[in-house]
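What follows is the residue order along each chain.
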Amino acid sequence: MSETNSLESTQQEKTAAVTQDAEVKQEAEVTLTPNIEVKQDVEVTEEKTVSSTVEAEEEESFKLMFEASLKEKPIVKRGEMITGMVVSVTADTVTIDVGAKDEGTIPAAEFVQAGIALPAVGDEIDALVQSTSGGVKLSVLEVKQREAWTAVAAAAESGEAVEAVVTAAVKGGYRVSLSGLNAFMPRSEADTDMHINAEDIIGKTCKVAVLEARRKPENVVVSRKKPMAAERDAQRAVFFEGKAVGDKLTGVVKRMADFGAFVDLGGVDALLHVSDISWRRIKHPSEMLAAGQSVTVEIVKLNAETGKVSVSMKALQSDPWDNVAANYETGMRLTGTVRRLLDFGAVIEIEPGIEGMIHRSELSWIKHDVKPASVLAEGDVVDVSVLEVDAEARRIRLSLKAVSENPWQSWLADHPIGSHVTGKIKNVTDFGFFVPVAGGMDGLVHLENLSWDKKGAEVLPEYSKGQEIEAVVLGVDVAQQRISLGIKQLSGDPFEVFMSGVKRGDSVNGKVIELNQGGSVVEVADGVQAFLARREVPREDADLKVGDTVEAKIIEVNRKRRQVSLSISQQLRDEERDAVRNYSQKNASESTPSALALELQRKFLDKQL
């Protein structure tokens with residue numbers, strides 16, 4: 001107040017001086033009227049002098065007033081909490097009038113870090129003085145952090161959860177903001193579910209428990225899992241008290257795995273196994289479900305001790321196999337979709353939840369050991385025939401080849417037994433060779449059907465792959481899908497030719513072509529061999545050699561096996577018997593038998609005995 005009064009008195013003195021000068025000027029004008037020009041010059045000079053003096057005095061006065069007002073402004077101190085008014089806001093800085101010599105500034109980024117909305121001009125805010133050197137620097141973030149430290153310390157002591165925002169993923173866990181205070185949350189403490197994704201929580205506000213809080217060095221560790229687990233336990237307790245097996249509930253698909261999906265039933269996660277999603281067989285839950293989808297399920301297992309719950313969707317649906325016996329029967333022709341290919345066959349879906357199996361043997365008439373993948377592909381729609389229905393075993397046998405014409409039966413109709421075919425040898429084996437006779441169908445020429453008079457192994461080298469041959473159709477086994485061909489049948493059978501001229505009991509001549517332990521092989525005609533057993537050879541002829549000519553009697557014939565048995569002993573006995581009979585008949589007309597006749601008769605009788 002003293003400075004203000006001084007300034008007012010100074011101003012009054014200046015005003016009085018100016019008034020006095022004006023009066024003096026008037027008196028001078030009256031006195032100096034004779035010299036007007038001189039008077040005017042003096043008057044102008046005096047006015048300029050007075051004006052300059054007044055301006056100088058006024059400038060000095062305002063200077064003194066300004067300095068006085070600055071002395072009255074408060075001085076802010078570092079670390080002090082102040083309240084100020086926002087005077088300007090830019091993209092980088094918020095300027096605050098704090099009533100001091102300098103205005104205070106706050107980085108705009110601090111408001112974002114502290115979770116505070118950017119203020120507008122005219123708003124009053126609380127801030128902390130960080131520095132007064134080179135201007136007043138303020139902080140709202142530090143205010144928040146101080147408040148946060150107080151809350152964190154209280155939460156760490158009481159165990160109560162506080163609100164936080166997950167800001168980023170870092171090595172080993174996540175960075176969390178507690179009202180501007182940075183904290184670390186280990187990955188193991190992020191959720192009760194270890195399969196949680198970072199994008200599911202980053203940027204989200206959540207409740208956390210403070211596990212550790214130290215200011216020096218600054219270290220805050222928090223857990224989102226702990227309050228979640230507490231809430232989950234409370235929800236589980238309520239759930240298990242009020243729920244039972246068979247209850248029907250609505251839940252939300254939380255996440256999926258190869259073996260099934262996890263359904264949130266209101267704080268309790270239940271397992272929906274892939275086999276319980278539908279009566280239809282599916283490979284992965286994603287074929288019918290999606291995360292976030294609402295589903296209705298039935299509780300099938302409940303264990304309060306372990307906290308595990310199993311649910312089922314298909315339990316709410318009727319079992320399609322209940323009507324299989326009434327809807328399907330052997331011989332029916334159906335249309336289905338190939339769902340899976342296995343090494344031994346193909347699984348065909350004939351209606352949702354009903355599948356049948358086509359064994360690999362029922363895929364093709366032509367190929368015996370066909371691979372399912374070479375005939376079918378997953379997703380193919382095919383016509384099939386029902387071979388067997390077993391509702392109790394939940395099994396339906398199907399056939400793909402049964403819905404098409406049997407090519408083996410058709411081929412036999414066009415190529416009856418005895419007809420001739422031609423073709424090139426496909427491949428040669430130890431037991432014969434195969435000749436293609438139609439698309440995918442081969443006929444077999446076995447060793448035994450190569451030659452009438454030679455062993456097959458001896459003749460086989462005469463044939464090679466790609467060689468053109470002609471053969472006779474010997475037989476077709478439709479069930480076994482086999483065609484038998486013969487080459488030797490192109491000419492007459494020497495065995496049958498031989499047998500057409502002889503019969504059992506006839507005598508034949510032959511040449512020994514082979515000796516073995518049991519006897520001798522005798523060629524009795526071209527391409528016809530007979531067997532002479534050792535017991536059928538007299539002792540005196542026991543030393544037979546290859547090349548010897550023998551006469552023997554046919555004692556046995558097996559046309560089916562193409563076998564003829566000979567006997568020299570029988571031949572000799574019959575000859576002797578005939579000789580005795582003839583001799584006896586010759587001498588019957590004579591009176592007395594001769595001595596020779598009697599001797600021959602005695603020898604014959606001895607042999608018979």
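The coordinates are above.
Residues numbered from 1 in each chain as written. Predicted model: local features only at pLDDT ≥ 70, side-chain atom pairs only at ≥ 80, totals over all residues. Heavy atoms only, no water.

(A) Representation of the overall build of the protein in the model. From N to C terminus, the protein includes twelve helices and 31 strands. Per-residue burial over the protein gives 34% buried out of 609 residues. Long-range pairs, those at least 24 residues apart, make up 58% of the contacts in the protein between residues at least 6 apart in sequence. Accessible surface, the protein: about 36600 Å² in total, of which carbon and sulfur atoms supply 50%. (Helix = DSSP H or I, 4+ residues; strand = E, 2+ residues; numbered from the N terminus. Buried < 20%, exposed > 50% of the residue type's maximum accessible area, 1.4 Å probe, protein only. Contact = heavy atoms within 4.5 Å. Areas by Shrake-Rupley, 256 points an atom, 1.4 Å probe, with all protein chains shown as cover.)

(B) Geometry of the sheet that holds strand S29 (residues 528-533). One closed barrel accounts for five strands, arranged S27-S28-S29-S31-S30; its pairing is mixed. Mean inter-strand twist for the sheet, computed between neighbouring axes without regard to direction, equals 50°. Judged from the two bridges that link them, S29 and strand S31 (residues 563-567) form a sheet pairing that is parallel. Across the sheet, residue Leu 532 finds its bridge partner in S31, namely Leu 566. (Pairing = 2+ DSSP bridges. Axes fitted to C-alpha atoms, helices over the stretch in contact; angles between N-to-C directions.)

(C) Quick look at the environment of Thr 192. Along the polypeptide, Thr 192 turns up in the loop between strand S8 (181-186) and strand S9 (205-215). The class for Thr 192 is partly exposed, based on a relative accessible area of 28%. A sequence separation of 40 residues divides Thr 192 from Arg 232, and the C-alpha atoms of the two residues are 8.9 Å apart. Those residues within four positions of Thr 192 in sequence are excluded, and the remaining contacts are Lys 225, Met 228, Ala 229 and Arg 232. Among the polar contacts listed, one links the side chain of Thr 192 to the side chain of Asp 191, at a separation of 3.4 Å. (Polar contact = N/O pair within 3.5 Å; in protein donor to acceptor, adjacent residues only side chain to side chain.)

(D) A look at the pairing of strand S14 (residues 294-303). One ladder, built from five bridges, connects strand S11 (residues 248-257) with S14; its direction is antiparallel. The partner of Gly 251 across the bridge, within S14, is Val 295. Sheet topology note: the S14/strand S15 (residues 308-312) ladder contains five bridges and is antiparallel. Following the sheet pairing, Lys 301 is matched in S15 by Ser 310.

(E) Main features of a negative patch on the surface. Taken together, Asp 123, Glu 124, Asp 126 and Glu 147 make up a surface patch of like negative charges. Along the polypeptide, Asp 123 turns up in the loop between helix H3 (108-113) and strand S4 (124-131). With a relative accessible area of 34%, Asp 123 lands in the partly exposed category. (Patch = residues over 30% accessible without salt bridge, like charges linked within 9 Å, V, L, I, M, F, W, Y side chains within 5 Å. Salt bridge = Lys/Arg side-chain N within 4 Å of Asp/Glu carboxyl O. Lys, Arg positive; Asp, Glu negative; His and termini not counted. Charge placed at Lys NZ, Arg CZ, Asp CG, Glu CD.)

(F) Geometry of helix H4 (residues 141-158). With 18 residues, H4 should reach 26 Å at 1.5 Å per residue; the first-to-last C-alpha distance of 25 Å fits that figure. Taken together, the buried positions of H4 are Leu 141, Val 143, Ala 148, Trp 149, Val 152 and Ala 155. Positive backbone phi, at 85°, marks Gly 159, one or two positions downstream of H4. (Expected span 1.5 Å × (residues − 1).)

(G) Representation of the environment of Lys 401 within the structure. Structurally, Lys 401 can be placed in the loop between strand S20 (395-399) and helix H8 (407-414). Note on Lys 401: relative accessible area 11%, which makes it buried. Not counting chain neighbours up to four residues away, the residues in contact with Lys 401 comprise Ser 361, Glu 362, Leu 363, Ser 364, Trp 365 and Gln 481.

(H) Just the sheet that holds strand S18 (residues 354-359), in detail. Reading around the barrel, the five strands line up as S16-S17-S18-S20-S19 and close back on themselves, with mixed pairing between neighbours. Averaged over neighbouring strand pairs, the angle between their axes works out to 50° when direction is ignored.

(I) Inspection of the packing of aromatic side chains at higher detail. A full pass over the atoms with the stated rule returns four aromatic pairs. Judged by centre distance (6.1 Å) and plane angle (90°), the rings of Phe 259 and Phe 262 are edge-to-face. Exposure remark for Phe 259: the relative accessible area of 42% places this residue in the partly exposed category. An angle of 35° between the planes, with centres 5.0 Å apart, marks the rings of Phe 433 and Tyr 463 as tilted. Taken together, the residues Phe 433 in strand S23 (residues 432-438) and Tyr 463 in the loop between helix H9 (456-459) and strand S25 (468-477) connect sequence positions 30 residues apart. In this structure Phe 433 comes out as buried when scored by relative accessible area, which is 0%. Note that Lys 314 overlies the ring of Trp 279, its terminal NZ or CZ placed 4.5 Å from the centroid. (Phe/Tyr/Trp six-rings, centres within 6.5 Å; stacked < 30°, edge-to-face > 60°. Lys NZ or Arg CZ within 6 Å of the ring centre and 35° of its normal.)

(J) Structural view of the pairing of strand S16 (residues 333-342). With five bridges joining them, S16 and strand S19 (residues 381-390) adopt antiparallel strand pairing. In the strand pairing of S19, Thr 337 is matched with Val 381. The pairing of S16 with strand S17 (residues 345-351) spans five bridges and is classified as antiparallel. Looking at S17, one finds that Thr 337 is bridged to Glu 349. Following S16, the chain reverses through two residues before pairing antiparallel with S17.

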